[in-house]
Amino acid sequence: MKELDQLRQWIAESDNIVFFGGAGVSTESGIPDFRSVDGLYNQQYDYPPETIISHSFYKRNPEEFYRFYKNKMIFQGAEPNAAHKALAKLEAQGKLKAVITQNIDGLHQAAGSREVLELHGSIHRNYCTRCGEFYSLDAILEQEGVPHCQCGGIIKPDVVLYEEGLDQKTMETAVSYIRHADVLIIGGTSLTVYPAVGLIHYYQGKKLVLINKSVTPLDNQADLVVSGKIGEIFSRVVEL
Ligand code: NAD
């Protein structure tokens, strides 16, 4: 496949690659995305997922929020797949500068990536909304229903819910990496969630690579489109 040869060549020639990814990076690890046909948005719940994982819903109905969150957004057995591993390897080789992710699952760090900018936070960090005490994922899963701190406050995951703002420092760091990147690889994202997606417009180079198993709104602006499953593609491009 000539697209894979092109991608291999750009990776071989660069020491300033930046990766921007989304939920599709983790589907091969068994974590469903939101917008594929078998994704969460195409399953039936009492409320649409955007509503349940919004700030106002969380405040109004924490029981229902946590029921959905624990059942549908936490996948404890999930392991990094070839895409996570390849990106970690490229960073270790000094070729990749940063992974910028919309994912909250922590799989990039589990694969060994160090510079991971989590635009939407992480399920692995949880805080008491009253006293600020930190809690691990295990600690909140051990409690039935809405997890509470010893002080009585509700524990909230450090995950950016709909209606909440993104961390400014993380955004600025991501802009800087993208602005200076030689190769920008965008993978496994529907490119529909703002403001995260707005970041990619800071890219100034001529090697914008899009990897997705379906069509995205940015396909016609990319310098290289590689269609297929991202784990399979990375396993053919980076020696693991
Ligand atoms: P999305 O669900 O909107 O889109 C996923 C995209 O990935 C689709 O375009 C789909 O075609 C593609 N895709 C799915 N599997 C793929 C694969 N194996 N190879 C290549 N492409 C694949 O996801 P999004 O754009 O990241 O936006 C959804 C939001 O949901 C994000 O903000 C994210 O925080 C959150 N989310 C995170 C996780 C996670 O942490 N793993 C899971 C679900 C949703």
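Residues numbered from 1 in each chain as written. Predicted model: local features only at pLDDT ≥ 70, side-chain atom pairs only at ≥ 80, totals over all residues. Heavy atoms only, no water.

Q: Describe the packing of helix α5 (residues 82–92) against helix α9 (residues 230–237), with residues and values.
A: Interaxial distance between α5 and α9 falls to 7 Å at its minimum, and their mutual angle equals 40 degrees. Taken as axis vectors, α5 and α9 run oblique relative to one another. Here the hand of the crossing between α5 and α9 comes out left-handed. Contacts between α5 and α9 involve A82, A83, A86 and L87 on the former and, on the latter, I230, G231, F234 and S235. Looking at the contact of α5 with α9 residue by residue, the classes come out as six nonpolar, two polar and no charged. (Axes fitted to C-alpha atoms, helices over the stretch in contact; angles between N-to-C directions. Helix = DSSP H or I, 4+ residues; strand = E, 2+ residues; numbered from the N terminus. Parallel < 35°, antiparallel > 145°, perpendicular 65-115°, else oblique. Left-handed = near helix turned anticlockwise from the far one by under 90°. Contact = heavy atoms within 4.5 Å. Nonpolar A, V, L, I, M, F, W, Y, C, P; charged D, E, K, R; others polar.)

Q: Tell me about the site of the ligand, and please be specific about residues and values.
A: Around the ligand sit 27 residues in total, of which F34, R35, Q102, H120 and S190 are the nearest. Between the ligand and the protein, one listed contact pairs an oxygen atom with a side-chain N or O atom of T189 at 2.7 Å. In this structure, an oxygen atom belonging to the ligand sits 2.6 Å away from a side-chain N or O atom of S190. Protein contact buries 95% of the 850 Å² of open area that the ligand shows by itself. (Near = heavy atom within 4 Å. Polar contact = N/O pair within 3.5 Å; in protein donor to acceptor, adjacent residues only side chain to side chain. Areas by Shrake-Rupley, 256 points an atom, 1.4 Å probe, with all protein chains shown as cover.)

Q: Can you lay out the pattern of salt bridges for me, pointing to particular residues and giving the numbers?
A: By the definition in use, this model includes seven salt bridges. In this structure, R8 engages D5 in a salt bridge whose closest nitrogen and oxygen atoms are separated by 2.7 Å. Placement of the pair is R8 and D5 together in helix α1 (residues 2–13), with a separation of three residues, close to one helical turn. Judged by relative accessible area, R8 falls into the partly exposed class, the value being 32%. The partly exposed category is assigned to D5, whose relative accessible area is 45%. In this structure, D182 engages K207 in a salt bridge whose closest nitrogen and oxygen atoms are separated by 3.7 Å. Note that D182 is positioned in the loop between α8 (168–180) and β7 (183–187) and K207 in strand β8 (residues 207–212), a separation of 25 residues in sequence. Judged by relative accessible area, D182 falls into the partly exposed class, the value being 27%. One salt-bridge network, held together by shared partners, links E118, R125 and D158. (Salt bridge = Lys/Arg side-chain N within 4 Å of Asp/Glu carboxyl O. Buried < 20%, exposed > 50% of the residue type's maximum accessible area, 1.4 Å probe, protein only.)

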